[in-house]
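# Chain and residue survey
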Amino acid sequence: MEPDPHLRIAIQKSGRLSDVCQHLLWKAGINLLFSERTLVVTSSNHPIDVVRVRNSDIPSLVMEGNVDIGVTGENMLCEKRLQRLERNQKAGYTTLGYLGFGQCRLSIAVPTNFAFTDLSCLQGCRIATSYPMLLKQYLHLHDVHADIVPLTGSVEVAPSIGMADAICDLVSTGATLTSNHLVEVAQVMRSQVLMIKHLGKLSDRNAHTLSAILKRLNGISGQAVTSPDHAHHLPGSA
Ligand code: ATP
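Owing to the predicted nature of the structure, the values given are computational and were not obtained by experimental measurement.

### Things to note about the nonpolar core
Membership of the largest hydrophobic core comes to 26 residues, with the highest contact counts inside it found for L7, I9, M195 and I213. Among the secondary structure elements, those contributing two or more residues to this core are β1 (7-12), α1 (18-27), β3 (48-53), β4 (69-73), β11 (193-197) and α6 (204-218). At four residues, the largest contribution of residues to this core is made by α6. Setting aside its immediate chain neighbours within four residues, I213 contacts L7, I9, A28, I30 and I48. With 22 residues, the next largest nonpolar core counts I108, I127, L135 and A186 among its residues.

### Some remarks on the domain arrangement of the chain
Frequently, the measure chosen for interface size is the accessible area removed from exposure when the parts meet. Each assigned domain of the chain is listed here: domain 1 (7-102 + 192-230) and domain 2 (104-191). Distance between the C-alpha centres of domain 1 and domain 2: 29 Å. Of the residues lining the interface, 11 residues belong to domain 1; the matching set on domain 2 comes to 12 residues. Carbon and sulfur atoms make up 57% of the area that domain 1 and domain 2 hide from each other, which totals about 960 Å². A per-residue breakdown of the area domain 1 buries against domain 2 is headed by N75, E79 and L82, which together make up 57% of the total. One can count one salt bridge joining domain 1 with domain 2.

### Notes on the state of the cysteines
In total, this model carries zero disulfides according to the counting rule given. Summary of cysteine pairing: C104 is not part of a disulfide, and the nearest cysteine sulfur, belonging to C78, is at 11 Å. C121 carries a free sulfur, and the closest cysteine sulfur to it, the one in C125, is 8.1 Å from it.

### Brief notes about the side chain of E79
Checked against the element boundaries, E79 lands in helix α3 (residues 74-86). Here E79 occupies a buried position and makes no salt bridge, while the nearest side chain of opposite charge, K80, is found at 6.7 Å. With near-sequence residues (within four places) excluded, E79 lies in contact with S130, Y131, P132, M133 and L134.

### Focus: the environment of Y131
For Y131, the location among the structural elements is in the loop between β7 (126-129) and α4 (132-141). According to the relative accessible area criterion, Y131 is buried, its value standing at 7%. In the structure, Y131 is positioned 48 residues away from Q83 in sequence and 9.9 Å away in space, judged by C-alpha atoms. Apart from residues lying up to four places away in sequence, Y131 is in contact with N75, M76, E79, L106, D169 and L170.

### Remarks on the pairing of strand β8 (residues 147-150)
Put simply, side chains in a regular strand alternate between the two faces of the sheet. Across four bridges, the pairing between β7 and β8 is parallel. Residue T129 lies in a different strand from β8, and its bridge partner there is P150. Running through α4, the crossover from β7 to the neighbouring parallel element β8 is right-handed.

### A closer look at the site of the ligand
Lining the immediate surroundings of the ligand are 16 residues, of which Q12, R16, S56, N75 and S172 lie closest. When the ligand is considered free in solution it has 620 Å² of accessible area, and contact with the protein chains removes 81% of it. Of the pockets mapped on this structure, the ligand occupies the largest pocket. Its residues assigned to classes, the shell around the ligand comprises five nonpolar, nine polar and two charged. Counting only domains with at least three residues in the shell around the ligand, you end up with domain 1 (7-102 + 192-230) and domain 2 (104-191).

The rules behind the values
- Residues numbered from 1 in each chain as written.
- Predicted model: local features only at pLDDT ≥ 70, side-chain atom pairs only at ≥ 80, totals over all residues.
- Heavy atoms only, no water.
- Core = buried A, V, L, I, M, F, W, Y, C linked by side-chain atoms within 4.5 Å.
- Buried < 20%, exposed > 50% of the residue type's maximum accessible area, 1.4 Å probe, protein only.
- Helix = DSSP H or I, 4+ residues; strand = E, 2+ residues; numbered from the N terminus.
- Contact = heavy atoms within 4.5 Å.
- Domains from an automatic or database assignment.
- Buried area = accessible area lost by both parts, 1.4 Å probe.
- Salt bridge = Lys/Arg side-chain N within 4 Å of Asp/Glu carboxyl O.
- Disulfide = S-S within 2.5 Å.
- Lys, Arg positive; Asp, Glu negative; His and termini not counted.
- Pairing = 2+ DSSP bridges.
- Right-handed = clockwise from strand over helix to strand, strands pointing away.
- Near = heavy atom within 4 Å.
- Areas by Shrake-Rupley, 256 points an atom, 1.4 Å probe, with all protein chains shown as cover.
- 1 Å grid on protein atoms, 1.4 Å probe; cavity = no way out; pocket = protein on both sides within 12 Å on 5 of 7 lines; lining within 4 Å.
- Sits in = over half its atoms within 2 Å of the grid points.
- Nonpolar A, V, L, I, M, F, W, Y, C, P; charged D, E, K, R; others polar.

Pasting the structure below:
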């Protein structure tokens, strides 16, 4: 008989969310020995494999069922969901809850010398972003016709090198915008980190393991994995 596969949880390998996610799993009572090169880490006290990947791959891995659970930002989840819907790929998931960290907003910012009064000032502008789908949806909703310039990183640099007139990027304190002479003018969405689950049914053992983890996380203040599926509130959800 095939052995029952472990519960697979995807977290970011390296970046803003990696340390905090490793810490979260540790707080949930899951013993894991992380090393730089190991991409699948098996817990020594639970039937769990932690899969370390790029944050941008986590939504698709969950939607396709390559992993059971993923921890990622709503911003990435919504962007990938819109992208997958456009390509007629599976885009379903269940939201297990917000984890109380990774708060930021996806905002449009313009150079400080841009005479911005309202969104209509962006008509015909070039806007650089790593979130083209979310930006496209927002502009469409506000009847703004602008050119979206896709960039995978360092988006704040685009106006100063003449690549774009404005940007749409993640902001938390706003310090990066200020140092690049940019000012926030509109908010596309607010985001924080959440835990999502593949739509498929888990084995009894994995369902039991997941419920033990969620119970443990709920007991930790600030880590409220409480909300039921509220995916319909998120941009890009059905
Ligand atoms: P990867 O390179 O792993 O595919 P990434 O480019 O999204 O992913 P990070 O820059 O490490 O990687 O950001 C991870 C997540 O952290 C973001 O998607 C977002 O949800 C969250 N985050 C919180 N605050 C900020 C912020 N100020 N700037 C960027 N991301 C933030």
